[in-house]
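Letter by letter, the chains look like this.
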Amino acid sequence: MIPAAFEYYRPKDMASVLSLLEEHGDDARVMAGGHSLIPMMKLRMADVPHLIDLQDIDGLSEIEIGADTIKIGAMVTQMDLISHEGLADAAPILRETALQIADPQVRYMGTVGGNVANGDPGNDMPGLMQCLDATMSVIGPDGARDILAREFYEAAYMTAREDDEVLTSVTIPRPKGGHAYEKQKRKIGDYATAAAAVQIVKENGVCTSASIAMTNLSDIPIHSPDAEAALVGTAVDDAAIKAAMQAMLGDIDPNEDNRGPVAFKNHVAGVILRRAIERAWSRA
Amino acid sequence: MSNKMHIKFTVNGKVEEFLAEPRELLIYTLRERLNITGPHIGCETSHCGACSVTIDGKSVKACTMFAVQADGADITTIEGIGGPDDLHPLQNAFKEHHGLQCGYCTPGMITRATKLLEENPNPTEEEIRFGMAGNICRCTGYQNIIKAIQHAAAEMNAAKEAAE
Ligand SMILES: Cc1cc2nc3c(=O)[nH]c(=O)nc-3n(C[C@H](O)[C@H](O)[C@H](O)COP(=O)(O)OP(=O)(O)OC[C@H]3O[C@@H](n4cnc5c(N)ncnc54)[C@H](O)[C@@H]3O)c2cc1C
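Residues numbered from 1 in each chain as written. Chains lettered and ligands numbered in written order. Predicted model: local features only at pLDDT ≥ 70, side-chain atom pairs only at ≥ 80, totals over all residues. Heavy atoms only, no water.

Caption draft 1: Region of interest: the pairing of strand β1 (residues 5–11) of chain B. Residues and elements named next belong to chain B. Across seven bridges, the pairing between β1 and strand β2 (residues 14–20) is antiparallel. Bridge pairing links His6 to Leu19 in β2. The turn linking β1 back onto β2 is made up of two residues, and Asn12 within it adopts a positive phi angle of 50 degrees. Of the strand pairs in this sheet, β1 and strand β5 (residues 74–76) are connected by two bridges, and their pairing is parallel. Pairing of Thr10 across the sheet is with Asp74, part of β5. (Pairing = 2+ DSSP bridges. Helix = DSSP H or I, 4+ residues; strand = E, 2+ residues; numbered from the N terminus.)

Caption draft 2: Representation of the interface of chain B and chain A within the structure. The interface is formed by 35 residues belonging to chain B together with 33 residues belonging to chain A. At the boundary of chain B with chain A, total buried surface from both sides reaches about 2,700 Å², with 61% on carbon and sulfur atoms. At the boundary of chain B with chain A, the tally comes to one salt bridge. Between Lys61(B) and Asp103(A) there is a salt bridge, with its nearest N and O atoms 2.5 Å apart. Within the residue set of the side of chain B that touches chain A, elements represented by two or more residues are β4 (58–61), α4 (106–119) and α5 (125–131) of chain B. (Contact = heavy atoms within 4.5 Å. Buried area = accessible area lost by both parts, 1.4 Å probe. Salt bridge = Lys/Arg side-chain N within 4 Å of Asp/Glu carboxyl O.)

Caption draft 3: Quick look at the site of the ligand. Residues and elements named next belong to chain A. Surrounding the ligand, one finds 32 residues, the nearest of these being Arg29, Val30, Leu37, Thr111 and Asp124. Between Val30 and the ligand, the recorded distance is 2.6 Å, taken from a backbone N or O atom to an oxygen atom. In isolation the ligand exposes 970 Å². Once the protein is present, 98% of that is buried. The dominant element in the shell around the ligand, judged by the number of residues it contributes, is helix α7 (residues 112–118), at four residues. Looking at the shell around the ligand residue by residue, the classes come out as 13 nonpolar, 14 polar and five charged. (Near = heavy atom within 4 Å. Polar contact = N/O pair within 3.5 Å; in protein donor to acceptor, adjacent residues only side chain to side chain. Areas by Shrake-Rupley, 256 points an atom, 1.4 Å probe, with all protein chains shown as cover. Nonpolar A, V, L, I, M, F, W, Y, C, P; charged D, E, K, R; others polar.)

Caption draft 4: Molecular detail of the domain arrangement of chain A. Segmenting chain A into domains produces domain 1 (7–53), domain 2 (63–173) and domain 3 (178–283). The centre of domain 1 of chain A, based on its C-alpha atoms, is set 35 Å off from the matching centre of domain 3 of chain A. (Domains from an automatic or database assignment.)

Caption draft 5: Here's a closer look at the domain arrangement of chain B. Residue and element names in this part refer to chain B. Per the domain assignment, the segments of chain B are domain 1 (5–80) and domain 2 (89–163). Placing a centre on the C-alpha atoms of domain 1 and another on those of domain 2 gives a separation of 22 Å. Counting residues at the interface gives 17 residues for domain 1 and 12 residues for domain 2. The largest per-residue losses of area from domain 1 upon contact with domain 2 belong to His40, Ser59 and Ile78, which jointly make up 40% of the total buried on that side. Between domain 1 and domain 2 we count zero salt bridges in total. Applying the counting criterion to the domain 1 and domain 2 interface returns six residue pairs in polar contact (both at pLDDT 80 or more). Those elements giving two or more residues to the side of domain 1 that touches domain 2 turn out to be β3 (52–55) and β4.

And the structure:
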């Protein structure tokens, strides 16, 4: 499996990246860890005449934990998320999710930026970032701008990022309460049959806020405000969880594929959401 | 054809320098250009781990990296870990505990396991299973691979303690 020929660039600064993107337009693409892009190039499903490797760009690999927010550079790898000590404390759901992505070798290479920018419905970070109400920061020829994760995904492989823009970081408000990222997959290294990201706040035994997003159950990640509303104000008892599952099922739109028929996916989505809510609640 | 690029990196302590098309995957560079045939091609789709090498301290599947990405890097393959006359404790443990049958996955397994033990010198069985999940073996059922890694870990820890 040999990809089609391409020109390779490894610029040292973002200005050079942007000018290469401007010069080559649709024919150019940036590469982070390459663990989504290279397989696609090998299958010749992605044609990239001009490949721009981001590995030498400074300032994209930092994790900054602030009082209210956490900023994660686009080139931070899944392994970085797992091994960062402060992060395990400040936002344990990031580590919990990263540990469920792919396998060890892939996690050394795969980046947060590549995972969220890719637009593959199977990627786990987009749903997670919607749950956490993240903001994506991009830079392009007209300067920098921010896009909410909840507004970033338009269709499979289509995002609000323009082709001449580069994602530089993802910023999340520091998560509150209990968390869970629950994923059903056929084997390690597989994409989700269904996955749920949940963050819940409990006060005096009552749920005061909830955040819920689902992975690989539509052509984009699904943030479900109705499922959240079904939990808020309750003691997250069985009736509330069932109501949240019902609301979530109204929002997703799974396709039949080699992971199963639609009825099975709806079933698994419900089971996974229930587990995620129960685990997040137990930690809240 | 695109322009060839000048690539220079270190493999098993030796500096290698050559011209290659950017689309050349690292696994082909190692096997066909440099005759370093320890890393194997199993699936060629980033799943099986037979091509695993260590690059700047990371376990990487060499079928999913272009050689040009590794320009400037320090690469270790199974050949750099030990040889017939100076087996690495992991190689010895795989031999002693039947951690292989056909042997095809073994170079990738052992290369990955060196990194696993470096990061976690005393792993539980579960941690070994999780840490080795990127390497597939179709012969052994994994049981003896896990045993071999446990024995190697014990031996390496004992040797370290003795040296201190
Ligand atoms: C065997 C295997 C199993 C996997 N399993 C999972 C899994 O279970 N869950 C999961 O989520 N992922 C999985 N992945 C994907 C893996 O996590 C990818 O590495 C990740 O999705 C993409 O990150 P990357 O850094 O490799 O991006 P790349 O492959 O380099 O890029 C992916 C896309 O994003 C674009 N891009 C990258 N960085 C930027 C940027 N900064 N700005 C703008 N665009 C950018 C690229 O142009 C490209 O289109 C798996 C991969 C493999 C090989």
